[in-house]
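# Examination of the molecular architecture
Listed below are the residues making up each chain.
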Amino acid sequence: MLYEYLFQPFVEFGFMRRALVASLALAVGGSAIGVFLILRRMSLMGDALAHALLPGAALGFLLGGLSLPAMSLGGFLAGIATALASGVIARFSNMREDASFAAAYLTAMALGVLIVSLRGSAVDLMNILFGAILAVDDMALFLVVSTATLTLVGLAAIYRPLVVECFNPGFLAAMGVRGSLYHYLFLGLAVLNMVAGFQALGTLMALGIVLLPAVAASFWAREVWSMTLIAAPMAFASAAVGLLVSFHAGLPSGPVIVLFASLFFLGSLLLGSRSSVRTRLSRPVHLRG
Amino acid sequence: MSAALRLVDLTVSYDRHPAVHHVSAEIPAAEMTAIVGPNGAGKSTLLKALLGLAPHIEGRIECSAKRIAYLPQQAEIDRSFPISVFDTVLLGRWTRFGGFAAAGHADIHDAQHAIEAVGLAGFERRPIDTLSVGQFQRVLFARLLLQDADLVLLDEPFAAIDSKTVADLMVVIRRWQAEKRTVVAVLHDLDQVRRDFPNSLLLARELVDSGPTLRVLSAENLLRARAMAEAWDEHAGACEAPMRLSA
């Protein structure tokens, strides 16, 4: 019984195995991105960026049907274009970057839904918005694993400038380094991860597995590396459990996976070891010095 | 006395409003100079311009310093970021290892030494969000020490800092001066300027006076500075002052 519920889907169906491996890769790369999104106070901008993939993915869908390469490429280009456009708008006007992100993603969402409805059915729209694990093929797996590799190698390469850009951009500028270059390289990696996630999670939910585990981890650890180490297993666990539940109950995989990540978030919020509800309520004896 | 910095008819503006207006002055090399003036007088803007970080500059800045170190106002740093005291200080050697190479043994040794010099021994592994304002200022001074610059720019180094910390950090500043480095500091405590800084530059968007502190900080000059800073015109027309450069 337990075997049937927990393991049989993976033994029996290739797409479930591929989805499981894909979520492992996604968890490893995505949680590192999520930690930096939080530290850069860019959680909401990341969300806006994920929504902005939609018109690109939709254009890919319009031209190539439900083909992963076409939709992924479209989504990636749309995400990069949005990030660059809002950066440029913020630089050449007095608009704050979060406002320009919001403006860009609202435009992108409206455009995307319109484009999908030009050709697709309501089911196609649901699949693009909320994910469809049935479609995880070898190509999708390859895309996700390459993304995870590129993310880890890329973040390791730009780690120092990115960290300094986060906490003291003026210092970087005084050293003659263009911090915005690393900002955009990071945004590029973030977009790549959301593209990798949208097959299983959909464009509306792609950020969930990136951001929620990282937020949860911030209730347990304080360094960049330890937060990432804690976030990654949480992301993988939510993905694995979410896949099973969505398989058995016939629910869209995106929301189910994200809800399990939310459970980790709520649990950490309540029980975490730093600034959680538990540490607020318990009043330990203060130290002598 | 040679000049470390020469400002020639310098104007720095934001959105066409000048924050520093037609300033010409010299800052002597290997000395301690204070930049004084009311809030909004363009002091921080002047430092940013010296670093090449100001958006729009007219006029000229002649700088003989090869390496410049800069202490920003603390508000410009995200102090909640999870980074340790040691790593923050070590960044002072950025010009040696840049964004990608590893720090050498000498750099690590010097960082340790700088942390001890500012009185923070034992704090190496502490994350910066656990430090007080004064302790964090010591961290930034240790980073300046590692930068080994011949021109040190300090933007309000003693804002919200207790007298013990000020005294400790003044020791560091005086040592820089003894090592023939040029120190330029934006300061608000006029008594301290009179006591510790032989040269001053009094700014109220325009230059009020620059030179020996005792002359510059006269009651008359300070009154003028205050009056000039208050006369800010939101609807000012284009400035038609002649470019004194050509004269």
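Because the structure is predicted, anything quoted here is derived from the model rather than measured.

Here is what the cut-offs are and how they apply
Residues numbered from 1 in each chain as written. Chains lettered and ligands numbered in written order. Predicted model: local features only at pLDDT ≥ 70, side-chain atom pairs only at ≥ 80, totals over all residues. Contact = placed C-beta atoms within 7 Å. Nonpolar A, V, L, I, M, F, W, Y, C, P; charged D, E, K, R; others polar. Pairing = 2+ DSSP bridges. Helix = DSSP H or I, 4+ residues; strand = E, 2+ residues; numbered from the N terminus. Axes fitted to C-alpha atoms, helices over the stretch in contact; angles between N-to-C directions. Core = buried A, V, L, I, M, F, W, Y, C linked by C-beta atoms within 7 Å. Buried ≥ 20, exposed ≤ 12 C-beta atoms within 10 Å, placed from the backbone. Parallel < 35°, antiparallel > 145°, perpendicular 65-115°, else oblique. Left-handed = near helix turned anticlockwise from the far one by under 90°.

## What to know about the interface of chain B and chain A
Facing 16 residues of chain B, the contacting portion of chain A comprises 17 residues. Grouping the amino acids of the side of chain B that touches chain A by side-chain chemistry returns 12 nonpolar, 2 polar and 2 charged.

## Some remarks on the sheet that holds strand E2 (residues 17-28) of chain B
Note on sheets: strands pair through backbone hydrogen bonds, and any given pair is parallel or antiparallel. All names here are of chain B. Strand order in this open sheet of 3 strands is E2-E1-E4, and the pairing throughout is antiparallel. For this open sheet the edge positions go to E2 and strand E4 (57-63), each flanked by a neighbour on one side alone. Strand-to-strand twist in this sheet, taken as the mean axis angle between neighbours without regard to direction, amounts to 10°. Inspection of the sheet shows strand E1 (residues 3-14) paired to E2 by 8 bridges, in the antiparallel sense. The partner of Val 12 across the bridge, within E2, is Val 20.

## As for the nonpolar core
The biggest cluster of nonpolar side chains holds 170 residues, and the ones touching the most others in it are Val191(A), Met194(A), Ile209(A), Ala231(A), Ala142(B) and Leu153(B). Filtering out sequence-adjacent residues up to four positions away, Ala142(B) remains in contact with Val89(B), Ala114(B), Ile115(B), Ala117(B), Val118(B) and Leu120(B).

## Comments concerning the packing of helix H4 (residues 43-51) of chain A against helix H7 (residues 97-119) of chain A
Residues and elements named next belong to chain A. Running from amino to carboxyl end, H4 crosses H7 at an angle of 20°, the nearest separation of the two axes being 8 Å. Taken together, the axes of H4 and H7 are roughly parallel relative to one another. As for how H4 packs across H7, the hand of that crossing is left-handed. For the pair formed by H4 and H7, the contact residues are Leu 44, Met 45, Ala 48 and His 51 on the first element and Asp 98, Phe 101, Ala 102, Ala 104, Tyr 105, Ala 108 and Met 109 on the second. Classifying every residue of the contact of H4 with H7 by side-chain character gives 9 nonpolar, 1 polar and 1 charged.

## As for the sheet that holds strand E3 (residues 32-36) of chain B
All names here are of chain B. Here 6 strands make up an open sheet; going across it, the order is E5-E6-E7-E3-E8-E9 and the pairing mixed. For this open sheet the edge positions go to strand E5 (68-71) and strand E9 (206-212), each flanked by a neighbour on one side alone. Averaged over all adjacent pairs, the angle separating strand axes in this sheet is 15°, with direction ignored. Of the strand pairs in this sheet, strand E8 (residues 199-204) and E9 are connected by 6 bridges, and their pairing is antiparallel. Bridge pairing in E9 places Ala 204 opposite Glu 206.

## A look at the environment of Ser268(A)
Residues and elements named next belong to chain A. Mapped onto the fold, Ser 268 is located in helix H14 (residues 253-271). Under the C-beta neighbour-count criterion, Ser 268 is labelled buried, with 24 such atoms within 10 Å. In this structure, the C-alpha to C-alpha distance between Ser 268 and Val 215, residues 53 residues apart in sequence, is 8.8 Å. Sequence-distant contacts of Ser 268, defined by excluding residues within four places in its chain, comprise Ala 216, Phe 219, Trp 220 and Ser 276.

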